[in-house]
Amino acid sequence: MQSSVRRRHQAAPGFAGRFSSAQPDDGSRTSRFHLDLWFYFTVQNWLLDFGRPIVMIILPLDWFPLNKPSAGDYFHMAYNIITPLLLLKLIERSPKTLPNSVIYVSIITFVMGASIHLVGDSVNHRLIFSGYQLHLSVRDNPIMQNLTPPTLVDSFELLYYYDEYLGHSMWYIPFFLILFIYFTGCFTKIRAESRMPLSAWALLAPSSLYYWYLVTEGQIFIIFIFTFFAMLAIIMHQRRKGLHLDSNGLFLLFSFSATLIFIAAWIVWLWNDQILRKKYPGVIYIPEPWAFYTLHVNNLH
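The rules behind these values
Residues numbered from 1 in each chain as written. Predicted model: local features only at pLDDT ≥ 70, side-chain atom pairs only at ≥ 80, totals over all residues. Heavy atoms only, no water. Helix = DSSP H or I, 4+ residues; strand = E, 2+ residues; numbered from the N terminus. Polar contact = N/O pair within 3.5 Å; in protein donor to acceptor, adjacent residues only side chain to side chain. Contact = heavy atoms within 4.5 Å. UniProt positions renumbered as here; feature names shortened; annotations may be inferred. 1 Å grid on protein atoms, 1.4 Å probe; cavity = no way out; pocket = protein on both sides within 12 Å on 5 of 7 lines; lining within 4 Å. Points joined across faces, edges and corners; volume = space filled by probe spheres on them. Nonpolar A, V, L, I, M, F, W, Y, C, P; charged D, E, K, R; others polar.

Trainee: Would you explain the side chain of Asp73 in this entry?
Mentor: Structurally, Asp73 can be placed in helix α4 (residues 71-92). Separated by 2.9 Å, the side chains of Asp73 and Ser122 make a polar contact. Sequence-distant contacts of Asp73, defined by excluding residues within four places in its chain, comprise Leu118, Ser122 and Arg126.

Given below as C-alpha cells:
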C-alpha cells in the first residue's frame, strides 16, 4: 500500500513540481519553437503595452472623468494580469531545473512594479492633459512652477520617482531575469535544431521593435545590456560543452541583437537634439519615444 501511494505521489507532482522536478539538462533533449507563446507575447506586448498610449490618443482623456481610469489604464491592467501568466507558461516549458522561490518572487515583484507604474503613468497622462510636457523635467514644467505652495512640486517628483525609477526597476528586472533564466535552458546537442523556422523569422521584427520601445521608453538600457552580455557569456560557456542554441534561444538572441541596432539608430538620429539632451543629461543618452512625440509631433499647451 505504501508503495502504491508513493507511485501516485510521484505521478502527480503538482504545479510546484513543474519547476523543481529533476529534468535532464545535458542538451540531449529535442526542442521545438514555441510559436504559440512567442506569438501571444508579441501580440499582447504591442496591443496592451505599446498600444496603451495610442488608445489614449484615439480615445482622449477628456472623454473620461479625470478622476476615473481611462481606456489606457484598463489596457495596462490587462497587461499586468496576462504577462505574468505568459511568463509562467514560458518557464514551465524550460528544460532547466528552476528554484520555485526565484520564480515566485520574480513574478510577485513584476506585478508590484507594473502596478506602481500603472498608478504613476495614469496620473502623468492627466498632467499632460493639463499642459505637462514630457520633454521637460518635473521642476522645469511651467505648470509646476505655478503651483502653490511650492512644496507640492516635491510630491510630483516623488510620484515621478515611483513611476520612472522604482516602478520600472521592479517591473523590468524580474522580466529580463525570467527571460534570461529561460534562455539558459535553450541549448541542445542536436546541430539540426540550431536554426529558426520561418515563423520565428516572421516574429523577429515586431519582437525587436517592441523591445526597442521597452528599453527606450522605460529607460532601462543598463538592465537590457547587462542581460544581453550575460546571454553572450552563457553561449560561450555552453559552446565549450558542445552545446548549441535551439530555435527559442536563437529567437531571443536575434531579437535582442536587432533591438541593440534599433537603439543605436535612435540615438544617432536624435544625437543633436539640444532640448532632449537637456532632459537626458547623463552619460547614456537615450530619449524616450513619447518625449520625442510631445516635443516634435504633438504640440501641447
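Anyway, onward from the coordinates.
Trainee: I'm lost on the environment of Thr184 in this one. Help?
Mentor: The topology assignment puts Thr184 in the loop between α7 (152-183) and β1 (187-188). Residues Thr184 and Ile234, spaced 50 residues apart in sequence, show a C-alpha to C-alpha distance of 6.9 Å. When near neighbours in sequence (up to four residues on either side) are disregarded, Thr184 contacts Lys96, Ile234 and Gln238. Polar side-chain contacts of Thr184 include one of 2.5 Å to the backbone oxygen of Ile181.

Trainee: For this particular structure, what's the right way to read the UniProt feature "transmembrane region" (unreviewed entry) in the protein?
Mentor: UniProt's entry tags residues 37-59, 71-90, 102-120, 165-184, 220-237 and 249-271 with the feature "transmembrane region" (unreviewed entry), counted in the numbering of this structure. Counted over residues 37-59, helix gives 96% and strand 0%. Its end C-alpha atoms are 30 Å apart.

Trainee: What exactly am I supposed to notice about the layout of surface pockets here?
Mentor: Rolled over the atoms, a probe as big as a water molecule pinpoints where empty space is left. Of the pockets and cavities examined, the largest pocket occupies roughly 690 Å³. Sorting the residues of the lining of the largest pocket by element identifies α3 (35-58), α5 (100-129), α7, α8 (198-218) and α12 (289-297) as the ones contributing at least two each. The residue makeup of the lining of the largest pocket, split by class, is 19 nonpolar, nine polar and eight charged. If you add up the space inside the second largest pocket, you get close to 490 Å³. Along its surface, the second largest pocket is lined by 19 residues, and Tyr165, Gly218, Gln219, Ile220 and Tyr280 are the ones closest to its centre. Mapped onto the lining of the second largest pocket, the elements with two or more residues apiece are α7, α8 and α9 (221-239). If one sorts the elements of the lining of the second largest pocket by residue count, α7 sits on top with five residues.

Trainee: Would you mind going over empty space enclosed by the protein with me for this structure?
Mentor: Inspection of every chain in the model, using the stated rule, returns four cavities of 30 Å³ or more. Taken as a whole, the largest cavity encloses approximately 60 Å³ of empty space. Lining the largest cavity, in full, are Trp38, Phe41, Thr42, Asn45, Trp46, Pro206, Ser207, Tyr210, Tyr211 and Phe251. Elements that contribute at least two residues to the lining of the largest cavity include exactly α3 and α8. Of the residues assigned to the lining of the largest cavity, the class counts are seven nonpolar, three polar and no charged.

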